[in-house]
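Below, each chain spelled out in residue letters.
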Amino acid sequence: TLRLDSLAGPGLTPPPPVTLAMLPAWPNPANPAVNIRFRAAAGIVTTLRIVDMRGHVVRELNNVPGEGGWQTVIWNGQTDRGRMAPSGVYLIRLESGGELRTERVTLAR
């Protein structure tokens, strides 16, 4: 019989499972809000931040353990201080377990 796991060849190991993933932000450009969909390993602290192009954190949206499945977080265009962020390009930074994913989003007012 042919076993599929033997097709990789001797000594080869399968690639590690993807533990962190993020889909493109939608809608993009965003006005007034954007949906951020991501998946993070269960039990590992996952941080989701909106960062301006100078590297300053505009808003921290998530800093809790991942759930293992797909999650959706909505950024309403506000800063951590409750003010509306100005129009411009922002980075969505998702970090978990030493992994980093980044997406760009344009906020248009």
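Residues numbered from 1 in each chain as written. Predicted model: local features only at pLDDT ≥ 70, side-chain atom pairs only at ≥ 80, totals over all residues. Heavy atoms only, no water.

### Let's talk about the pattern of salt bridges
A complete count under the given rule lists six salt bridges for this structure. A salt bridge links Arg-49 to Glu-60, with the nearest nitrogen and oxygen atoms 3.0 Å apart. With Arg-49 in strand S3 (residues 45-52) and Glu-60 in strand S4 (residues 57-65), the pair connects residues that are 11 residues apart, well separated along the chain. On the accessibility criterion, Arg-49 (24% relative accessible area) is partly exposed. Residue classification places Glu-60 among the partly exposed residues on the basis of a relative accessible area of 31%. Between Asp-80 and Arg-59 there is a salt bridge, with the nearest N and O atoms lying 3.6 Å from each other. Highlighted residues: Asp-80 in the loop between strand S5 (70-75) and strand S6 (88-96) and Arg-59 in strand S4, separated in sequence by 21 residues. (Salt bridge = Lys/Arg side-chain N within 4 Å of Asp/Glu carboxyl O. Helix = DSSP H or I, 4+ residues; strand = E, 2+ residues; numbered from the N terminus. Buried < 20%, exposed > 50% of the residue type's maximum accessible area, 1.4 Å probe, protein only.)

### Side note on the side chain of Asn-62
Inspection of the secondary structure assignment puts Asn-62 in strand S4. A polar contact is formed between the side chain of Asn-62 and the backbone oxygen of Thr-46, at a distance of 3.2 Å. Ignoring sequence-local partners within four residues, the contact set of Asn-62 consists of Phe-38, Thr-46, Thr-47 and Leu-48. (Polar contact = N/O pair within 3.5 Å; in protein donor to acceptor, adjacent residues only side chain to side chain. Contact = heavy atoms within 4.5 Å.)

### Remarks on the pairing of S3
Across the eight residues of S3, six count as buried, placing the element largely inside the fold. Judged from the seven bridges that link them, S3 and S4 form a sheet pairing that is antiparallel. If you follow Thr-46 over to S4, its bridge partner there is Val-64. Where S3 hands over to S4, the hairpin turn is made up of four residues, of which Gly-55 adopts a positive phi near 95°. (Pairing = 2+ DSSP bridges.)

Function-wise, these values are silent; they only describe arrangement.
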